[in-house]
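Notes for the structure review
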Amino acid sequence: MPQDIREWALKFSEASDNNPTIAAMAKYFTCRYLFDMEQAGVIVEMLDGKVYRMNIDPGPLDPWDFALRASAATWREFARPIPKPMYHGIWSCSFQRDLRIEGDQLKLMQNLRNFTVQFELLRKVGVPV
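Computed from a predicted model, the values in this text were never measured in an experiment. (Residues numbered from 1 in each chain as written. Predicted model: local features only at pLDDT ≥ 70, side-chain atom pairs only at ≥ 80, totals over all residues. Heavy atoms only, no water.)

Helices and strands together make up the secondary structure of the protein, namely 7 helices and 5 strands. Starting at the N terminus and walking to the C terminus, you meet the elements of the protein as α-α-β-β-β-β-α-α-β-α-α-α. Expected size for 129 residues packed as a compact globule is a radius of gyration near 14 Å; at 13 Å, the protein falls within 12% of this value. In terms of its C-alpha atoms, the protein occupies a principal-axis envelope of roughly 35 × 25 × 25 Å. (Helix = DSSP H or I, 4+ residues; strand = E, 2+ residues; numbered from the N terminus. Rg over C-alpha atoms; globule rule 2.2 N^0.38 Å.)

Another aspect to go through is the pairing of strand β3 (residues 50-55). In this structure, strand β2 (residues 41-47) lies alongside β3, joined through 5 bridges in antiparallel fashion. For M46, the partnering residue across the bridge sits in β3 and is V51. Counting the residues in the hairpin turn of β2 and β3 gives 2 residues, including D48, whose phi is positive at 50°. (Pairing = 2+ DSSP bridges.)

Turning to the sheet that holds strand β1 (residues 31-36), a few remarks are in order. Pairing is mixed across the open sheet formed by 5 strands, whose spatial order is β3-β2-β1-β4-β5. The open sheet has two edge strands with one neighbour each: β3 and β5 (100-103). Strand-to-strand, the axes of this sheet are offset by a mean angle of 20°, without reference to chain direction. Pairing geometry for β1 and strand β4 (residues 66-69), over 4 bridges, is parallel. Directly across from L34, in β4, lies its bridge partner A67. Across the sheet, helix α1 (residues 5-17) is in contact with β1, β2 and β3; its angle to β3 comes to roughly 165°. Here helix α6 (residues 112-120) sits on the sheet and contacts β1, β2, β3 and β4; the angle it forms with β1, its principal contact strand, is near 35°. (Axes fitted to C-alpha atoms, helices over the stretch in contact; angles between N-to-C directions. Contact = heavy atoms within 4.5 Å.)

Right, let's get into the environment of K11. Relative to the helices and strands, K11 is located in helix α1. Dropping the residues within four chain positions of it, K11 is found in contact with Q3 and V125.

See below:
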């Protein structure tokens, strides 16, 4: 069930900022990325492991380091508490489904441990599509 994007952004920020795994390596988690969910887009800006800013209505020229783009159906399936096979992670979704990773792949890889934990928080807070 879709939820209000502002409400979702608040829940996602709180879940991320209170995550002990992210907190343990917080000073190394600084980047800006885009979740493109077909019907909604959000730029998450991380600074020292905390959500610094969330742009819930990004324009085409708003900057980001890397982007994850997929259909709304893929995002909804990924966000289920127990997703179907091949929706369970970034790499499985990109190899077998329609998830595309764009932009500065080095920035993604430099932040991969924390980003993966944060990405999987979508199973806890859902998605806004």
